[in-house]
Amino acid sequence: MARALRSRAEFATLKAAVAGGQYEHPRGLFFGGQRPAPTHTLLRGELPRLLKGAARVVHLDVHTGLGERGDYALLLDCGPADPRVARYGPAFAHKVEAWDAGGTAYPVRGGLGPWCEDVMPQVAYLFLTAEFGTVSPLQVIEALHLENRAHHWGVPTSPATQRAKARMRAAFAPEDPAWQETCLGKLRTVVDQAWAVLDAGAPLPLARA
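The following paragraphs examine the structure supplied in this document.

**Concerning the sheet that holds strand β4 (residues 124-133)**
- Read across the open sheet, the four strands follow the order β1-β4-β2-β3; overall the sheet is mixed. Strands at the two margins of the open sheet, each flanked by one partner only, are β1 (56-69) and β3 (96-98). Ignoring strand direction, the axes of neighbouring strands in this sheet form an average angle of 35°.

**Observations concerning the pattern of salt bridges**
- Here the structure, examined in full by the defined rule, presents eight salt bridges.
- Across the salt bridge formed by Glu 117 and Arg 84, the nearest N and O atoms sit 3.6 Å from each other. Remark: Arg 84 occurs in helix α3 (residues 83-88) and Glu 117 occurs in helix α4 (residues 112-119); sequence separation between them is 33 residues.
- One network of salt bridges, with partners in common, ties together Asp 82, Arg 84 and Glu 117.

**Quick word on the packing of helix α2 (residues 38-50) against α4**
- Running from N to C, α2 and α4 cross one another at 40°; their axes reach a closest spacing of 10 Å. What the angle tells us is that α2 and α4 run oblique. Note that α2 runs across α4; the crossing there is right-handed. Contacts between α2 and α4 involve His 40, Leu 43, Arg 44, Leu 47 and Pro 48 on the former and, on the latter, Leu 112, Trp 115, Cys 116 and Val 119.

**Some thoughts on unusual backbone geometry**
- The residue Phe 30 is not glycine, and still its phi comes out positive at about 55°.
- One can find Phe 30 in the loop between α1 (8-19) and α2.
- Residue classification places Phe 30 among the partly exposed residues on the basis of a relative accessible area of 34%.
- Look at His 94: it is not a glycine, yet its phi comes out positive at around 60°.
- You can see His 94 is positioned in the loop between α3 and β3.

Rules used throughout
- Residues numbered from 1 in each chain as written.
- Predicted model: local features only at pLDDT ≥ 70, side-chain atom pairs only at ≥ 80, totals over all residues.
- Heavy atoms only, no water.
- Pairing = 2+ DSSP bridges.
- Helix = DSSP H or I, 4+ residues; strand = E, 2+ residues; numbered from the N terminus.
- Axes fitted to C-alpha atoms, helices over the stretch in contact; angles between N-to-C directions.
- Salt bridge = Lys/Arg side-chain N within 4 Å of Asp/Glu carboxyl O.
- Parallel < 35°, antiparallel > 145°, perpendicular 65-115°, else oblique.
- Left-handed = near helix turned anticlockwise from the far one by under 90°.
- Contact = heavy atoms within 4.5 Å.
- Buried < 20%, exposed > 50% of the residue type's maximum accessible area, 1.4 Å probe, protein only.

By themselves, these are just geometric observations and shouldn't be taken as functional.
In structure tokens, the structure reads:
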């Protein structure tokens, strides 16, 4: 696969096609489902209760699997020209990126951030996806493919299925103490930065403004 990808643009196209979400193939990767997921139902009920009375929110959604190993990006579900990227960059050590800017991430369908903003339209809602890198993108895609195949068509107790599950865990949660400590330290910094944004007292612009 790597030999067939001759440029960053080609790889960005592959990444978007694989991980951007789809609604046609229930056993395919990143299938969006045919009805609201339990998490969707839970959040729709709980977000208004948990955030009752809040005027300003910084929501950090922590993920792994994208970017350079041990490094991170803070992703906004928007285009590269969105003014929020420049507005919030300095407060977060210039780690804020647009999802579809062709960098760490890729365009998505049905992202959680815009949905949370729509659920709480009266709130100045800043939703950032904190993505921490693990292994190379091609290794992540291969791990996803192997686990998906084992889950839908493999024998649960077979060695091949167990290897696929273990490879998936390694791609997203490496059992490497140095990696874990590095990422936890950086995440603590991001949480402190988010608190500083809220403590500054300046009103956050509404996300869709």
